[in-house]
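Examination of the molecular architecture
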Amino acid sequence: MNFEDFIISPRNFRTESWQIGAGITKEIREDSVVLLFVSDYRGANGDAEVQDFTGIRNEFYKLSQLDFEIPIVDLGDLVSGKSVQDSHYILQEVLSACHHKRAIPVIVGGSNDFSFSLFSALNLFTKSINYTQISNIISLKQGETINEHTFLSKIFGAKDFSIKNYHHLGYQKHLNETDSVRLIKEVEFDIIRLAEMMNSTEKTEPFFRKADLVTVNCDAVESFGEPFSINAQVNGLNRREICAYMKEIGLSENLKSVGIFNYNIYSENQLNQQLLAQMLWYLIEGINIQQSHPKERHYELFYVLVDDRQYAFKRDTFSNLWYFGDDDNIENCIPCSKKDFEEAKKGWLNARLTKI
């Protein structure tokens, strides 16, 4: 497929040699990070006119490239289709091209329903997908059309979709229907409240560690001054916290696709543009660090007695990250935190570790 028909190539920016923009290319490369900007917000009752992402690019391009080794591609701006379904189809074609080259596509902008396209495209290449979403809203509404309220039920309900784990982080009780939360819990997927994510990433890091797909709903980020997202919220992750979580996303050992949705693309606020640019920067920093890690790992094994029953924990001697289980294949062990291990020594075992 000829992408030139529906992608507007980004303009050139004047940058210094030490800035990240100096090394950015415009064509998909193998084992790269590929940025694609989307303007279609019809899934959130918005419009689909192509917007100008120059301000965001300007803020992103002038950040330091440090010692990043991973190639970075700015593919450009996606032209919206005649219908929402057309936009989803076009995006999935681009995503497939990225996956063929083992590139990590990062979709910026567009409404949260484009998470469906990221899952659908990845499902063609990866089975038993680990999907983590940061969003203040949990919606499992049914409907023929795909939008930000129905996409999750379509992912769960599709017969040809293969989902292994789903983690929903950052939900806020006062914004959600109790039925959706109850249904997620009944199928034993993880739901983490906003309060459990604040101040530190330690407790929720395990939900990113093996993620294949991560999507971020910008409505889960607090707004300051001009709205940061299209459904602006006074409560949410603050600026430092969301950047810390973007780095955790990049550190995922299995990361294959990322979406940052519901950003307020109509905002000309420089601070909003800076924040989104720095979110991208921390994501890429995490990916770069993860790719420098050794592939062969060694683990220390610990046994803990809880209620006269023995449980095993493992510690990665390189990363100092913890796992639950004694299977020889670490992929069959459950990522957990050091706090889970410390609590188990005191006689309390996190129910999440024993439900599988």
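Scroll up to find the structure this text is about.
Below: a short report on this structure. (Residues numbered from 1 in each chain as written. Predicted model: local features only at pLDDT ≥ 70, side-chain atom pairs only at ≥ 80, totals over all residues. Heavy atoms only, no water.)

A few words on the environment of F125. Along the chain, the position of F125 falls in the loop between helix 3 (115-123) and strand 5 (129-134). We classify F125 as partly exposed; its relative accessible area is 35%. Counting along the chain gives 26 residues from F125 to H99, while the straight-line C-alpha distance between them is 7.4 Å. Setting aside its immediate chain neighbours within four residues, F125 contacts S96, H99 and H100. (Helix = DSSP H or I, 4+ residues; strand = E, 2+ residues; numbered from the N terminus. Buried < 20%, exposed > 50% of the residue type's maximum accessible area, 1.4 Å probe, protein only. Contact = heavy atoms within 4.5 Å.)

Let us now look at the pairing of strand 4 (residues 104-109). Looking along a regular strand, one sees the side chains alternate between the two faces of the sheet. Counting buried residues in strand 4 gives 6 out of 6 residues, a clear majority hidden from the surface. Alignment of strand 2 (residues 33-38) against strand 4, held across 6 bridges, turns out to be parallel. Among the inter-strand pairings, V34 is bridged to a residue of strand 4, identified as P105. Bridge analysis of strand 4 against strand 9 (residues 257-261) gives 3 bridges, and the strand direction is parallel. Residue V108 lies in a different strand from strand 9, and its bridge partner there is I260. (Pairing = 2+ DSSP bridges.)

Right, let's get into helix 5 (residues 178-186). Of the residues making up helix 5, those classed as buried are S180, V181 and I184. The buried residues of helix 5 occupy an angular sector of 100 degrees when projected down its axis, which confines them to one face. Relative to its buried face, helix 5 has exposed residues pointing more than 90 degrees away, namely T178, K185 and E186. Where helix 5 is buried, its residues contact helix 4 (151-157), strand 6 (163-171) and strand 7 (190-193). Just downstream of helix 5 lies E188, where phi reads positive at about 65 degrees. (Arc of directions from axis to C-beta.)

The strand order 10-11-12-13 describes an open sheet built from 4 strands, whose pairing is antiparallel. Single-partner strands in this sheet number two, and they are strand 10 (299-306) and strand 13 (334-336). For this sheet, the mean angle separating the axes of adjacent strands, direction not counted, is 35 degrees. Looking at chain direction, strand 11 (residues 309-316) and strand 12 (residues 322-324) are connected through 3 bridges and run antiparallel. When the bridges of strand 12 are listed, F313 appears paired with F324. Packing against the sheet, helix 9 (residues 338-345) makes contact with strand 10, strand 11, strand 12 and strand 13, and its axis sits at approximately 35 degrees to strand 10. (Axes fitted to C-alpha atoms, helices over the stretch in contact; angles between N-to-C directions.)

Once that is clear, we can look at the side chain of S257. Among the structural elements, S257 can be located in strand 9. When its relative accessible area of 0% is taken as the criterion, S257 is described as buried. Setting aside residues up to four positions removed in sequence, S257 forms contacts with L95, H99, I104, P105, L118, D212, L213 and V214.

Time to look at helix 9. When helix 9 is considered as a whole, its buried residues turn out to be D340, F341 and A344. When helix 9 is viewed along its axis, its buried side chains cluster within an angular range of 100 degrees and face the same direction. Taken together, the buried residues of helix 9 touch strand 10, strand 11, strand 12, strand 13 and helix 10 (351-354). G347 sits one or two positions beyond helix 9 and adopts a positive phi of about 105 degrees.

The contact between helix 7 (residues 239-250) and helix 8 (residues 270-292) brings their axes to 6 Å, and the two run at 30 degrees. With respect to their mutual orientation, helix 7 and helix 8 come out roughly parallel. In the packing of helix 7 onto helix 8, the handedness of the crossing is right-handed. For the pair formed by helix 7 and helix 8, the contact residues are R239, I242, C243, M246, K247, I249 and G250 on the first element and L275, Q278, M279, Y282, L283, E285, G286, I287, I289 and Q290 on the second. (Parallel < 35°, antiparallel > 145°, perpendicular 65-115°, else oblique. Left-handed = near helix turned anticlockwise from the far one by under 90°.)

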